[in-house]
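In case you want the letters, here they are:
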Amino acid sequence: MTKIIKDSDNEQERDYILQDNKKTRFGAGFIIVVLIILIIAVIVSAVYFGWF
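Cut-off values and rules
Residues numbered from 1 in each chain as written. Predicted model: local features only at pLDDT ≥ 70, side-chain atom pairs only at ≥ 80, totals over all residues. Heavy atoms only, no water. Phe/Tyr/Trp six-rings, centres within 6.5 Å; stacked < 30°, edge-to-face > 60°. Helix = DSSP H or I, 4+ residues; strand = E, 2+ residues; numbered from the N terminus. Buried < 20%, exposed > 50% of the residue type's maximum accessible area, 1.4 Å probe, protein only. pLDDT = per-residue confidence, 0-100.

**Topic: the packing of aromatic side chains**
Thinking step 1. What the rule picks out here adds up to three aromatic pairs.
Thinking step 2. For the pair Phe26 and Phe30, a centre-to-centre distance of 6.2 Å together with 20 degrees between the ring planes defines the contact as stacked. Here Phe30 and Phe26 lie together in helix α1 (residues 22-48), a separation of four residues that amounts to about one turn. The pair Phe26 / Phe30 is uniform in exposure class, with both members exposed.
Thinking step 3. Ring pairing ties together the aromatic residues Tyr48, Phe49 and Trp51, which thus form one cluster.

**Here's the deal with the confidence of the model for the chain**
Thinking step 1. In this model, the chain carries a mean pLDDT of 81, and residues with pLDDT of at least 70 account for 65%.
Thinking step 2. Averaged pLDDT values for the elements of the chain fall to 63 in strand β1 (residues 3-6) and rise to 94 in α1.

Shown next as structure tokens:
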């Protein structure tokens, strides 16, 4: 079965989706921040246009 995150000190297995390194952490953090900003923007625009 494919594991999600590979530990940096485990070099034997190759069937991982994500690596535990700086690039993966930066990418995941960036995506989470962008999604939070988009959710806030939707809420603010809904309040502004009177949908709530």
